[in-house]
Amino acid sequence: MKKLLLGAAALAFGVAGGVAQAADTVNLQLKWVTQAQFAGYYVAKDKGFYDDADLDVNIKPGGPDIAPPQVIAGGGADVVVDWMPSALASREKGVPLVNIAQPFKTSGMMLTCLKETGVTSPDDFKGRTLGVWFFGNEYPFLSWMSKLQIPTSGGAEGVSVLKQGFNVDPLLQKQADCVSTMTYNEYWQIIDAGIPESELVVFKYEEQGVATQEDGLYVLEENLKDPAFVDKMARFVAASMKGWDYARENPEEAAEIVLENDATGAQTEKHQVRMMKEINKLTAGSDGKLDPADYERTVSTLLSGGSDPVITKKPEGAWTHVVVDAIK
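Since this is a predicted model, take the numbers as computed values, not measurements.

The secondary structure content of the protein chain amounts to twelve helices and ten strands. Considering only C-alpha atoms, the protein chain reaches an extent of 95 × 45 × 30 Å along its principal axes. Out of the 328 residues in the protein chain, the part that is buried amounts to 52%. Within the protein chain, contacts between residues separated by at least 24 positions form 78% of all contacts whose residues are at least 6 apart in sequence. Carbon and sulfur atoms provide 52% of the accessible area of the protein chain, an area that totals close to 14600 Å².

Below, the structure is given as structure tokens:
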């Protein structure tokens, strides 16, 4: 009887201890659908890196009708993946987003043109129709055109902006001379459609001096006042960066993990492996800590929008190292 009581007491203590040590929940909202662009997070979950950090991470895929700033403002996420132009524009409009980590070091954004159009340099853009993504993705493009002093209102001296869906149909159907592409995704959709690389001309935003920071991690400013939240995010960022490191070392396995998490079944192994290898180029060199110089370059690009800038003034408090500095 005594043993039974001791056993029950031990069990009760174990249950109580389990409750006390329950993993902290983190709801992560992605910028887009499940794909290798977000492999680091899926890998961290699959390999147990989040478990090791006492975290229960719920990864929420994005989509064409999902805006991460709106999701977090509405309480649907603790942390979101977003591009800095979108995050800073949202901050100026009243959603106090703060960058706590920057897994992506380099921009993957490009404008891809058919060589047959005769476009060989940005000087040839005038009078052309260019496909542009919206929903916050248009900001780097608008800044670039402003830098080139090319109006986006059409005409012989301007460019006609075609609101591009998240595909490359306007280029394939000859509705646009150039379309927006990412090095890791849409560019390869053009290749897979049968147009060889030799028939394409690409302009990388990084090389044009108008690259902005992509795929950073953002939280609401008020939450950073809570030490427990900062500690939770520090563990989340550390485990996520471990996932990104693993993905760089094991691209095929990382792509397979992404496929296992694709509930739509829309992704293919070939595309995801290729995407993973391109994504790894963009995360290379990042330890998760935002480089202030990269931030300043992004802000300068966004402020150079002429009469229609993305942001109207230099942001204050839009990034912090408090989370990455708290990583043990």
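Let us look at the nonpolar core. In terms of nonpolar packing, the biggest core is built from 70 residues, with Tyr 41, Ile 100, Phe 125, Leu 217 and Phe 236 touching the most fellow members. If you tally residues by element for this core, the top one is helix α9 (residues 227–249), at eleven residues. Setting aside chain neighbours within four positions, we find Tyr 41 in contact with Leu 28, Leu 30, Tyr 50, Ile 59, Val 81, Pro 103, Leu 217, Phe 236, Ser 240 and Trp 244. In this structure, Met 84, Ala 87, Leu 88 and Leu 220 belong to the second largest nonpolar core, which totals 20 residues.

Another point: helix α2 (residues 39–46). Of all eight residues making up α2, six are buried, and the element is well covered by its neighbours. Where α2 is concerned, the buried positions are Ala 39, Gly 40, Tyr 41, Tyr 42, Val 43 and Ala 44. Two residues or fewer after α2 comes Gly 48, characterised by a positive phi angle close to 85°.

This next bit is on the state of the cysteines. Evaluation of the coordinates by the stated rule reveals one disulfide. Note that Cys 113 is cross-linked by a disulfide to Cys 178, the S-S spacing being 2.2 Å. Of note, the bridge from Cys 113 to Cys 178 carries an S-S torsion of about 100° and is right-handed in sense. Here Cys 113 is found in strand β5 (residues 109–114), whereas its partner Cys 178 is found in strand β8 (residues 178–182), with 65 residues between them in sequence.

Under the definition given, this model contains 19 salt bridges. Salt-bridge contacts for Asp 325 lead to Lys 289; the nearest nitrogen and oxygen are separated by 3.1 Å. You can see Asp 325 sitting in the segment after α12 (292–303) and its partner Lys 289 sitting in the loop between α11 (269–283) and α12, a full 36 residues away along the chain. Each member of the salt-bridge network shares a partner with another, and the members are Asp 24, Asp 231, Arg 235 and Lys 328.

Despite not being glycine, Gln 149 shows a phi value in the positive range, around 60°. Topologically, Gln 149 is positioned in the loop between α6 (139–148) and β7 (160–163). A relative accessible area of 69% means that Gln 149 is categorised as exposed. Phi at Asp 215 is positive, roughly 50°, even though this residue is not glycine. By secondary structure assignment, the location of Asp 215 is in the loop between β9 (200–204) and β10 (216–220). Owing to a relative accessible area of 2%, Asp 215 belongs among the buried residues under this scheme.

Most of strand β4 (residues 97–101) sits out of view: five of its five residues are buried. Judged from the four bridges that link them, β4 and β10 form a sheet pairing that is antiparallel. Of the residues in β10, the one forming a bridge with Val 98 is Val 219.

Where like charges cluster on the molecular surface, the negative patch consists of Asp 46, Glu 256, Glu 260 and Glu 269. Along the chain, Glu 256 turns up in helix α10 (residues 251–260). For Glu 256, a relative accessible area of 35% corresponds to the partly exposed category.

Overall, the coordinates contain twelve aromatic pairs when judged by the stated rule. Relative to Tyr 246, the ring of Phe 49 has its centre 6.3 Å away and its plane inclined at 65°; by these criteria the two rings are edge-to-face. Of this pair, Phe 49 sits in helix α3 (residues 49–52) while Tyr 246 sits in helix α9, and the two are 197 residues apart along the sequence. Tyr 246 matches Phe 49 in its accessibility class, with the two residues each being buried. Centroid distance Tyr 295 to Trp 319: 6.1 Å. Interplanar angle 55°. Geometry classified as tilted. Taken together, the residues span a long stretch of sequence, with Tyr 295 in helix α12 and Trp 319 in the segment after α12 at a distance of 24 residues. By relative accessible area, Tyr 295 is classed as buried at 3%.

Parameters at a glance
- Residues numbered from 1 in each chain as written.
- Predicted model: local features only at pLDDT ≥ 70, side-chain atom pairs only at ≥ 80, totals over all residues.
- Heavy atoms only, no water.
- Helix = DSSP H or I, 4+ residues; strand = E, 2+ residues; numbered from the N terminus.
- Buried < 20%, exposed > 50% of the residue type's maximum accessible area, 1.4 Å probe, protein only.
- Contact = heavy atoms within 4.5 Å.
- Areas by Shrake-Rupley, 256 points an atom, 1.4 Å probe, with all protein chains shown as cover.
- Core = buried A, V, L, I, M, F, W, Y, C linked by side-chain atoms within 4.5 Å.
- Disulfide = S-S within 2.5 Å.
- Salt bridge = Lys/Arg side-chain N within 4 Å of Asp/Glu carboxyl O.
- Pairing = 2+ DSSP bridges.
- Patch = residues over 30% accessible without salt bridge, like charges linked within 9 Å, V, L, I, M, F, W, Y side chains within 5 Å.
- Lys, Arg positive; Asp, Glu negative; His and termini not counted.
- Charge placed at Lys NZ, Arg CZ, Asp CG, Glu CD.
- Phe/Tyr/Trp six-rings, centres within 6.5 Å; stacked < 30°, edge-to-face > 60°.

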